[in-house]
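# Structure assessment
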Amino acid sequence: MTEPGLPQPMPVATLPPHLEGLNAEQLAAVTAPDGPLLVLAGAGTGKTRVLTTRLAHMLLEGRARPGEVLAVTFTNKAAREMNERVEQLLRRPVQGMWLGTFHSIGARILRRHAERVGLESGFTILDTDDQLRLLKQLIEAADLDVKKWPPRILGGIIQRWKDRGWAPDHVPTAEYGEFALGRSVALYKAYQARLRTLNACDFGDLLLHNLTLFKEHADVLEEYQRRFKAVLVDEYQDTNVAQYLWLRLLAQVRKNVTCVGDDDQSIYSWRGAEVGNILRFEQDFPGAAVVRLERNYRSTGHILGCASRLITHNESRHGKTLWTDDVAGEPVRVAGLWDDEEEARFVGEELEALQRAGEPLRGAAVLVRAGFQTRSFEERFIAIGLPYRVVGGPRFYERAEIRDAIAYLRVIAQPDDDLALERIVNVPRRGLGDSTLAHLRAYARARDCSLHAAVRELVETDELKPKPRRALSDLVATFERWRGLMETAPARELCETVLEESGYVAMWQADKSPDAPGRLDNLKELVHAVGEFESLSGFLEHVSLVMENVTDPTSDMATIMTLHGAKGLEFDTVFLGGWEEGVFPNQRALDEGGRAALEEERRLAYVGITRSRRRCFVLFAANRRLYQGWVSSLPSRFVDELPAEHCEFLHRDGFAANRLRSPGLPPRRDGDPLARFNAARSRKGPIVEAVAEIVPDADGGFDIGMRIFHDKFGYGRIEAVDGDKLDIAFDKAGRKKVIASFVQAVP
DNA sequence: GGATTGTGTATTTTT
DNA sequence: TACACAATCC
């Protein structure tokens, strides 16, 4: 057996096909004997490959059968990929592995033993939206002002508690906090009780109930401890306490656990992830083997140089030194732009240049810190007709029409799903408004039964007015009929029928708003998606656990996404936008988390740079449009932390000079942003050089800085010229783009 | 009960 | 700016 750290090169001839092409460290990790193993794998070092190959290797050696393997990932995509690669390595389909996300496996286990924690096996998995509506009801029921104590905040608090593995009774008094004057735990308790009567779970519960299950039912725990001969964990640095406890319970008997991760890529502490888990692995599993993967196969030398240097500014890390044999390649290009519009224009031009050079757009990505930054890029790309996709934007299953349709299906599958029923009871309109609903709720609460049960009873009485009573009894009867259909008709057919007969499709057909056709398309797509599943419940499980968009990989588009979304991906060319203090590192994160948060932001920057294979751009803008008004900012401290020898600092001729001299640009809060901007950079010299002269237009037309008059907007000053379009800061009307022929020069 | 207008507030990051 | 929610009116 190969010793970690002292790998013996195997004679090539004896190497089985699935181990071919691995380097010594990778091979050591893959072939390490049973027992605790930590693989510290830097970005681009073949982490996923090692994990999947080790799994395949174990199966091939007969150390575990598929049904005895537990392999957990964070994303559905990673799980899918892992499954595919294992099958590729084994050259056959593999069935029965417990391979999936923490949540999906948690759900799978919970469904088998639901009654042990006070649920029924058919429990519903609530999404965030349902959760918030429920919390809102509870906050109101507690006579608290929803404005003052927003459900969102409470949801966040509860989620963090669950991430730490705390059921309501286990929340330490010190953690009660200020929310609702310290009543947050009472609300948490009420929330859990309500979930139980609804036979529902939220995301956090999937693991929390597992923990309760394992702690209170030793026989169940033992069953799984015996079953799982091998436990493998991807992205271990992102595990939270609940996940960590869960894993430890499952692995503590056999101790055959492989964790793969990179402490430098831990970027989810805000979601409860504990870098400590990975830093502590060797204490948790004494005698653990540790393998470091430091050879990077992804990026060129300059890119790796930048990333490596940047991350050395962090103090709490295992410490790895990535290296590569690759060429130095192109230096990382760092560009300072005037504003976010200019930033987007810059990226647009670079992308067009790539296109002209014959490179596919799908190899390029714009990575940003926060969602709002995608806007200017989208606007620009639309303007120049550049195909792009935004990953992580509004998701398919979160669209209102899809959620409505799914609510119908949920009520069919689970009549007591009150949240689903409430959602669609009056969609389309059936004359069942607030007052009827209030009546129903009161009745259900008094009887401690579900809304559905309340409806069934109430329609038999004359407590309701004839109209709503009629509507309700019709609705109940219709659902009853659909439920009968569930037994006989295929899921797809049922879905179609429901959408038709409920009048839901008709509702959108009658809608004349511009987005109605799109919504109808989405509904068709939903019907199609349902068709992929055997049963309705199978589909619903998928919907609650797999909330992701599937993107068509064949179309050639540039990608825009957040840095978080980009983890685990790679692109030939990467644009990192918005490297400004406040944006990145994010001010709010800094305020909340202090130095630890700064380090996390820096890891995020590291993740960003290491996504790129060959080309990387770092961009920052002096001014940024933020909901109302402009904010000017300084270049991110991360820019200063990039090593000059691996970077090229750019400015483009013309733009800097023009902008600097043009007065009255976005409102200045304190002095000239560009001056501050450069002053802050004085150590390395200005990125955006000040040039004294304004270069007049050759044709004697409109110049930057010129005063003009516009019939509608009044007086203003030209900020930029783009062909016949002028970018003008009007004295009264703000900044606008107008066609040159509509303005006249003022002497 | 439903539609319309007005007001307030929000922008991290997501399984 | 843009959306969600509430108050108000029909």
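Every chain is numbered on its own, with residues counted from 1 as its sequence reads. Whichever chain is written first becomes A and whichever ligand is written first becomes 1, with later ones labelled in order. pLDDT decides what is reported in this predicted model: residues at 70 or higher carry local features, side-chain atom pairs at 80 or more are listed and counted, and totals for whole chains, interfaces and linings draw on all residues regardless. Hydrogens and water are ignored here; the side-chain numbers use all heavy atoms of the structure.

## Concerning the overall build of chain A
What counts here: Labels follow the DSSP assignment, with helices taken as runs of H or I lasting at least four residues and strands as runs of E lasting at least two, numbered in each case from the N terminus. Exposure categories follow from relative accessible area, calculated using a 1.4 Å probe and restricted to protein chains: below 20% of the type maximum is buried, above 50% is exposed, and the middle band is partly exposed. In this description, contact between two residues means that some pair of their heavy atoms is separated by no more than 4.5 Å. Using a 1.4 Å probe, the Shrake-Rupley method yields the accessible areas, and only the shown protein chains count as cover for residues.
Of the regular secondary structure elements, chain A holds 29 helices and 21 strands. Per-residue burial over chain A gives 53% buried out of 747 residues. Residue pairs at least 24 apart in sequence account for 75% of intrachain contacts in chain A once pairs closer than 6 positions are excluded. Entry remark: accessible area of chain A is about 33,400 Å², with carbon and sulfur atoms responsible for 51%.

## Considering the protein's contact with DNA strand B
This is how it is decided: Nearness is judged by heavy atoms alone; a residue qualifies as near a molecule or strand once a single heavy atom is within 4 Å of it. Pairs of N or O atoms are called polar contacts if they sit within 3.5 Å, as long as, within protein, a hydrogen donor faces a hydrogen acceptor (for residues adjacent in sequence, only side-chain-to-side-chain pairs). Here the nonpolar group is Ala, Val, Leu, Ile, Met, Phe, Trp, Tyr, Cys and Pro; Asp, Glu, Lys and Arg are the charged ones; every other residue, Gly included, is treated as polar.
Around DNA strand B, the surrounding shell holds 26 residues, and the nearest of these are F74, R369, R395, S435 and R588. Of all DNA strand B atoms lying within 4 Å of any protein atom, the proportion belonging to sugar or phosphate reaches 57%. Between F74 and DNA strand B, the recorded distance is 2.6 Å, taken from a backbone N or O atom to a sugar or linking oxygen. Q159 has a polar side-chain atom sitting 3.5 Å from a base oxygen of DNA strand B. At the level of elements, α6 (151-163), α18 (434-447) and α26 (587-609) are the ones that each hand at least two residues to the surface near DNA strand B. Tallying contributions element by element places α26 first for the surface near DNA strand B, with three residues. The residue inventory of the surface near DNA strand B, partitioned by class, reads seven nonpolar, 12 polar and seven charged.

## Considerations on the pairing of strand β2 (residues 69-73)
Applicable threshold: For two strands to count as paired, DSSP must find a minimum of two bridges between them.
Burial runs high along β2: five of the five residues are buried. Side chains V69, A71 and T73 of β2 all project onto a buried face; the interleaved residues L70 and V72 project onto the opposite face, where all are buried too. Two elements, β2 and strand β6 (residues 230-233), share four bridges in a ladder whose sense is parallel. Within β6, the residue paired with L70 across the bridge is V231. Two elements, β2 and strand β3 (residues 98-101), share four bridges in a ladder whose sense is parallel. Note that in β3 the partner of T73 across the bridge is T101.

## A closer look at the nonpolar core
Our working rule: For the purposes of this section, nonpolar cores are sets of buried Ala, Val, Leu, Ile, Met, Phe, Trp, Tyr and Cys residues that join through side-chain atoms within 4.5 Å.
Grouped together as the largest cluster of nonpolar side chains are 51 residues, with contacts concentrated most on Y397, L526 and F539. Considering each element in turn, this core owes the most residues, eight residues, to helix α16 (residues 400-413). Setting aside residues no more than four positions away along its own chain, Y397 makes contact with I402, R403, I406, L526, A529, F539, H542, V543, V546 and M547. Among the nonpolar cores identified, the runner-up in size contains 45 residues, and L40, C201, F214 and I278 belong to it.

## Here's the deal with the environment of V86
Locating V86 in the fold gives a position in helix α3 (residues 76-90). Given a relative accessible area of 0%, V86 falls into the buried group. Through-space distance from the C-alpha of V86 to that of E330 is 35 Å; in sequence the pair is 244 residues apart.

## Digging into the environment of A107
Within the secondary structure, A107 sits in helix α4 (residues 102-113). Along the backbone, A107 and A720 are 613 residues apart, and their C-alpha atoms lie at a distance of 56 Å. Setting aside its immediate chain neighbours within four residues, A107 contacts F123, I125, L206, E541 and L545.

## Examining the sheet that holds β6
Operational definition: Axis lines are fitted to C-alpha atoms, over the contacting stretch for helices. Their N-to-C directions set the angle, which ranges from 0 to 180 degrees.
The six strands lie next to each other as β3-β2-β6-β7-β1-β8, forming an open sheet whose pairing is parallel. Where the open sheet ends on each side, the last strands, each with one partner, are β3 and β8 (289-293). For this sheet, the mean angle separating the axes of adjacent strands, direction not counted, is 10 degrees. Bridge analysis of strand β1 (residues 37-41) against strand β7 (residues 257-261) gives four bridges, and the strand direction is parallel. Residue pairing in the sheet places L37 in a bridge with T258 of β7. Of the strands in this sheet, β2, β3 and β6 touch α4, which is tilted by about 120 degrees from β3. Where helix α10 (residues 241-251) meets the sheet, it contacts β2, β6 and β7, and its direction lies at approximately 165 degrees from that of β2.

Structural measurements only, silent on function.
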